[in-house]
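The chain contents come next:
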2 protein chains.
Amino acid sequence: MRKEILYLKIARVLEEQVVNGTLKPGDKLPSLRSVQKMYNVSLNTAKLVFWELESKSLVESRPQSGYFVSPAAERKRSLPSVGKIKATYREQQPQDLITKVFDTLYDNEITQFSLGLPDQSLLPIAKLNKGIINAVRNMKDGGVSYEPVQGNLNLRRTVAKWSLILEGKITEDDIVTTSGTMNAIFNCLMAVTQPGDTVAVESPVYFGIIQIVTSLKLNVIEIPTHPVTGIDLDAVKKVLPKLNACCFISNFSNPLGCLMPDEHKKELVRMLTEYDIPLIEDDLYGNLFFGPSRPKPCKYYDEAGIVMWCGSVSKTLAPGYRVGWVAPGKYKDKIIHQKLLQTISTPSLYQEVVADFMNYGRYDHHLRTFRKTLYANCLRYQRAIEMYFPDHTRISQPQGGFMLWLELDKKVDTAELFDIAIKQKIGFAPGRMFTQYNQYNNCMRLNYGLAWNDKLEFDLKRLGNMVKDAL
Amino acid sequence: MRKEILYLKIARVLEEQVVNGTLKPGDKLPSLRSVQKMYNVSLNTAKLVFWELESKSLVESRPQSGYFVSPAAERKRSLPSVGKIKATYREQQPQDLITKVFDTLYDNEITQFSLGLPDQSLLPIAKLNKGIINAVRNMKDGGVSYEPVQGNLNLRRTVAKWSLILEGKITEDDIVTTSGTMNAIFNCLMAVTQPGDTVAVESPVYFGIIQIVTSLKLNVIEIPTHPVTGIDLDAVKKVLPKLNACCFISNFSNPLGCLMPDEHKKELVRMLTEYDIPLIEDDLYGNLFFGPSRPKPCKYYDEAGIVMWCGSVSKTLAPGYRVGWVAPGKYKDKIIHQKLLQTISTPSLYQEVVADFMNYGRYDHHLRTFRKTLYANCLRYQRAIEMYFPDHTRISQPQGGFMLWLELDKKVDTAELFDIAIKQKIGFAPGRMFTQYNQYNNCMRLNYGLAWNDKLEFDLKRLGNMVKDAL
């Protein structure tokens, strides 16, 4: 929709050459002058191109020699392997581990690689606070009254308007607001399943989803998930007759950061439509893309109304606001009923603030900066891990979001490593948290939505050393 | 705790004489001068006594004759009867009726006797809005971060501190904040029941509780409830072995407005403790007492930690804020787990605002005025109903809260009457909404938490005429 700025366009061309291997680590890039001539731009624009690439750790300048492809741009890392779902079921749920990790989250001295949230320093807090004061003034009653059960009208209207990727397929009337995405998923599962039903999820899967599903007495089928292309459609196909619902993060899944290709999304929706199985699509990372544009959600391909498309600002703007929404397709009435009986309504104020922030383009502006930071951080983390972690550490290549998934040597038990690291004031999320089975014990999830600095790099180095010691 | 102001003390003595029948409707009261002498007070204080009684519709002045007990002070009205629970089960749940009533709630032209909320004009909106702006300034991050799952510390501390009636039996650590009381009850039921379990509730019962219980696939036992003393303990005793949980509004239940006597509360907790049955105590109306002091909750008698005491400001201060809490006794960890998986955390801002409002005594001040208005309205409604409704209409005598329950002639079907009344822009809650059985079809609930004026009185008159026409 927006015209891409010239220097970014040129930077993207060079970036693609790096990514597809035309330019390899160590290769010299064309000089400033030749870029200037090649694209018929000013010297300043050419400089911006290289600075952009440098900010992403893709290139580095050497004194008197020009720009070279950085070793960090090496994209041929070993990917983590796809989960083997036949692993034995461990009697003890990973709940104790999850509780242990959560108990460390409010200790400010700990480097929180374990968090599933962006660092506060990356969020536009001052602007949001101004937004609150404006909203109180505009609302008159300050949110004292119940709003309609379906949720704040401004927010619903704004979400519909800004869901450009859906090309106008949803309106304010198709959306129900919720207390964040977790609450949207909880409501969806309450609406479309009965105790004893079976739900398909990714593997590794965000542990919160397993917690909800278990609490609702549902059975879980973990679908093998490729670190680049997401869930294995053949595996879904095999269990289709058993399923009562699916719950997938289609774009930049947590923890793998994988992105389902459009044709997979289309095929998934086709298969599920045939069996009339609801798809709870958790699209909370969709706006944090590193590619050229926001990926489509499965909802885009949904003609029958089986996709319940869930979103929020919890991962991008204000986790604590608990502002989320769902476009529940044909299950809308059921969702509204669930919301009514669980909480009657959602508080208005933060919804108004978010709606305003979106409406005046501030959200879009914030997202642009935020994505840049995240992508740069992702490359920095990958480079640091290559430098400081044991060889043969497998690293995911997220295409968006802010989670990195590492697969370490089989000998390393990351649940044990967690206890060692936390004593050194370093937290991470052990792999065992992300499955109901006895697997991923040698994996860990790292959050790169933190402010990059020497301390952070040093902590990655210390963590790498701990992994080496565990071998 | 607070020293009662002198004129209020004298007014209360006279009020008690009216209530216990020493002074009957039409009786002349002592003159201003004799009150002045009797209590050794100034003429002004004596005047305040009568104005206070007049504001409650207990007395009325007649020119040149002095004050007389008002006919509205007649307390010997026929009480509604206790529900007969052997009524047949109606296949069709009252859901359609509930939906129909809710669909009329956002029409400003309708007189909302049906609402379960106080009118906005009775709420301190301007002060609360100031509170929001102060809170944003004090919080720094404006609530962008997740707060701990257990909830906002300021609010927990303040609720513990201001729960004077519990005499220090709970601390901030015993409280979990929720999105209003409905959400507290939902969480409690999720925490302590399994599908197929059985829960005891009042009858008539607030329909939201039936909706939650049904949605969680639980069985409901409706316990006969006396319009003055609340649930029938013998009836509870008979079903004890079948019960997995109880969910009662102990103080000023909705819709009856009844108040369990202390000895009933004590005995209920004793019985349930013996069987280790959790009691979900919904105490959201407890601060809206008309008697001399706030009644104790069942939680006061709870030694074993089986009482999950739920409260909120939804009925007293700011329904839309969705600020509530629960002191879940020994089930605290289960509640925290439920909250985590359903919404992760509650938004901080409104919790901060409410905590501040309580801390600086503003809440207490507001409650004093609010209770006075409600009590005066209650008497005005009763008087209006006696004047405008058919004879033999039975009226509840709420001891707090803002709900009135009417039992009309058996010939009147209030579900049908609703359709007629709503065309005349008058809404009320038909009795059938408050039970899972085919009963209370000739009952209705009226909200007296509205601003009293001629229009409101006229609407009660119109409604009375519609009832007469239905005979």
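Scroll up a little and you will see the structure.
This brings us to the overall build of chain A. Scanning chain A for helices and strands turns up 15 helices and 16 strands. Computed over its C-alpha atoms, the radius of gyration of chain A comes to 23 Å, within 12% of the 23 Å expected for a compact globule of 471 residues. In terms of principal-axis extent, the alpha carbons of chain A reach across some 70 × 55 × 45 Å. Scored against the burial criterion, the 471 residues of chain A give a buried share of 61%. Looking at chain A as shown, the accessible area adds up to about 18,600 Å², and 51% of this sits on carbon and sulfur atoms.

Right, let's talk about the sheet that holds strand S6 (residues 219-226) of chain B for a bit. Residue and element names in this part refer to chain B. Reading across the sheet, the 8 strands line up as S4-S11-S10-S9-S8-S5-S6-S7 and stay open at both edges, with mixed pairing between neighbours. At either margin of the open sheet sits one strand with a lone partner, and together these are strand S4 (176-178) and strand S7 (230-231). Looking at chain direction, strand S9 (residues 279-282) and strand S10 (residues 307-312) are connected through 4 bridges and run parallel. When the sheet's bridge partners are listed, Ile-280 is paired in S10 with Met-308. The sheet strands contacting helix H11 (residues 332-343) are S4, S10 and strand S11 (324-327), and the helix crosses S4 at an angle near 35°.

Attention now moves to the relation of the copies chain A and chain B. When chain A is fitted onto chain B, the two copies agree to an RMSD of 0.1 Å after a turn of 180° and an axial shift of 0.0 Å. Taken together, the turn and the small shift mark the pair as related by a two-fold rotation axis. Relative to the rotation axis, the closest C-alpha in chain A is found at Ile-133 of chain A, a distance of 3.0 Å. A shared interface surface links the copies, since 100% of the contact residues of chain A are contact residues in chain B too.

What follows concerns the interface of chain A and chain B. Counting residues at the interface gives 56 residues for chain A and 56 residues for chain B. Across the interface of chain A and chain B, roughly 4,500 Å² is buried in total on both sides, 65% from carbon and sulfur atoms. Sorting the residues of chain A by area buried against chain B places Val-144, Tyr-146 and Leu-341 of chain A first, and these three jointly supply 15% of that buried surface. Linking chain A to chain B there are 0 salt bridges.

Another point: the environment of Pro-398 of chain A. Here Pro-398 of chain A is to be found in the loop between strand S12 (394-395) and strand S13 (403-407). Among all residues touching Pro-398 of chain A, those that are not within four sequence positions of it are Leu-256, Gly-257, Phe-290, Cys-378, Gln-382, Met-403, Leu-404 and Tyr-448 of chain A.

This part covers the packing of helix H12 (residues 348-359) of chain A against helix H13 (residues 362-388) of chain A. All names here are of chain A. Contact geometry of H12 with H13 gives a least axis separation of 4 Å together with a crossing angle of 75°. As summarised for this structure, H12 and H13 are arranged roughly perpendicular, according to the angle between their axes. Between H12 and H13, the residues in contact are Asp-356, Phe-357 and Met-358 and Arg-362, Tyr-363 and His-366, respectively. Residues that form the contact of H12 with H13 fall into these classes: 3 nonpolar, 1 polar and 2 charged.

The next subject is the packing of aromatic side chains. All names here are of chain A. Applying the stated criterion to the full structure yields 29 aromatic pairs over all chains. The structure contains a cluster of three or more aromatic residues connected by ring pairs, namely Phe-102, Tyr-206, Phe-207, Trp-405, Phe-434 and Tyr-440. Over the ring of Phe-68 we find Lys-28; its NZ or CZ atom is 5.7 Å from the centre of that ring. Its end group placed over the ring of Tyr-300, Lys-169 keeps NZ or CZ at 3.9 Å from the ring centre.

The next subject is helix H12 (residues 348-359) of chain B. All names here are of chain B. Counted at 1.5 Å a residue, the expected span for H12 with its 12 residues is 16 Å, and the 16 Å between its end C-alpha atoms agrees. Most of H12 sits out of view: 10 of its 12 residues are buried. Every buried residue belonging to H12 is among Ser-348, Leu-349, Tyr-350, Gln-351, Glu-352, Val-353, Val-354, Ala-355, Phe-357 and Met-358, and all of these are buried. The positive-phi residue at the C-terminal boundary of H12 is Gly-361, with phi of around 75°.

Before going further, it helps to examine the nonpolar core. Core analysis: the largest hydrophobic core is formed by 332 residues, its most contacted members being Leu-268 and Leu-446 of chain A together with Leu-268 and Leu-446 of chain B. If near-sequence neighbours (up to four positions away) are discounted, Leu-268 of chain B is found in contact with Ile-231, Leu-233, Val-236, Phe-248, Met-260, Leu-279 and Cys-298 of chain B.

What follows is about the packing of helix H5 (residues 125-139) of chain A against helix H5 (residues 125-139) of chain B. At a minimum axis separation of 10 Å, H5 of chain A and H5 of chain B run at an interaxial angle of 175°. Taken together, the axes of H5 of chain A and H5 of chain B are roughly antiparallel relative to one another. Contacts between H5 of chain A and H5 of chain B pair Asn-129, Ile-132, Ile-133, Val-136 and Arg-137 of chain A from the former with Asn-129, Ile-132, Ile-133, Val-136 and Arg-137 of chain B from the latter. Class assignment of the residues belonging to the contact of H5 of chain A with H5 of chain B gives a composition of 6 nonpolar, 2 polar and 2 charged.

Moving on: a nonpolar patch on the surface. All names here are of chain A. Together, Val-13, Met-38 and Tyr-39 give the surface a local cluster of nonpolar side chains, amounting to about 260 Å² of exposed area. Mapped onto the secondary structure, Val-13 falls in helix H1 (residues 6-19). The class of Val-13 is partly exposed, set by a relative accessible area of 36%.

The next thing to look at is the side chain of Gln-351 of chain B. Take Gln-351 of chain B: it is sitting in helix H12. Look at Gln-351 of chain B and you get buried, because its relative accessible area is 2%.

Once that is clear, we can look at the pattern of salt bridges. Tallied over the full model, the rule gives 26 salt bridges over all chains. The partner of Lys-330 of chain A in a salt bridge is Asp-276 of chain A, and the shortest N-O contact between them spans 2.6 Å. Residue Lys-330 of chain A is located in the loop between strand S11 (324-327) and helix H11 (332-343), and its partner Asp-276 of chain A is located in the loop between helix H10 (262-275) and strand S9 (279-282); the two are separated by 54 residues in the primary sequence. When its relative accessible area of 45% is taken as the criterion, Lys-330 of chain A is described as partly exposed. For Asp-364 of chain B, the salt bridge is made with Arg-368 of chain B, and the minimal N-O distance between the two is 3.4 Å. Of this pair, Asp-364 of chain B and Arg-368 of chain B both sit in helix H13 (residues 362-388), 4 residues apart, which is roughly one turn of the helix. Assessed through its relative accessible area of 19%, Asp-364 of chain B is described here as buried.

Okay, unusual backbone geometry next. Residue and element names in this part refer to chain A. Residue Ser-203 is joined to Pro-204 through a cis peptide bond whose omega torsion reads -5°. Take Pro-204: it is sitting in the loop between strand S5 (198-203) and helix H8 (207-215). The phi torsion at Lys-217 lies on the positive side, around 60°, for a residue other than glycine. Tracing the chain through its elements places Lys-217 in the loop between H8 and strand S6 (219-226).

Next up on the list: H5 of chain B. All names here are of chain B. Between its terminal C-alpha atoms H5 stretches 21 Å, which fits the 21 Å expected from 15 residues at 1.5 Å a residue. The set of residues buried in H5 consists of Ile-125, Leu-128, Asn-129, Gly-131, Ile-132, Ile-133, Ala-135, Val-136 and Met-139. Looking one or two residues beyond H5, the residue adopting positive phi is Lys-140, at roughly 70°.

The rules behind the values
Residues numbered from 1 in each chain as written. Chains lettered and ligands numbered in written order. Predicted model: local features only at pLDDT ≥ 70, side-chain atom pairs only at ≥ 80, totals over all residues. Heavy atoms only, no water. Helix = DSSP H or I, 4+ residues; strand = E, 2+ residues; numbered from the N terminus. Rg over C-alpha atoms; globule rule 2.2 N^0.38 Å. Buried < 20%, exposed > 50% of the residue type's maximum accessible area, 1.4 Å probe, protein only. Areas by Shrake-Rupley, 256 points an atom, 1.4 Å probe, with all protein chains shown as cover. Pairing = 2+ DSSP bridges. Contact = heavy atoms within 4.5 Å. Axes fitted to C-alpha atoms, helices over the stretch in contact; angles between N-to-C directions. Least-squares fit on C-alpha atoms with pLDDT ≥ 70 in both. Buried area = accessible area lost by both parts, 1.4 Å probe. Salt bridge = Lys/Arg side-chain N within 4 Å of Asp/Glu carboxyl O. Parallel < 35°, antiparallel > 145°, perpendicular 65-115°, else oblique. Nonpolar A, V, L, I, M, F, W, Y, C, P; charged D, E, K, R; others polar. Phe/Tyr/Trp six-rings, centres within 6.5 Å; stacked < 30°, edge-to-face > 60°. Lys NZ or Arg CZ within 6 Å of the ring centre and 35° of its normal. Expected span 1.5 Å × (residues − 1). Core = buried A, V, L, I, M, F, W, Y, C linked by side-chain atoms within 4.5 Å. Patch = residues over 30% accessible without salt bridge, like charges linked within 9 Å, V, L, I, M, F, W, Y side chains within 5 Å.

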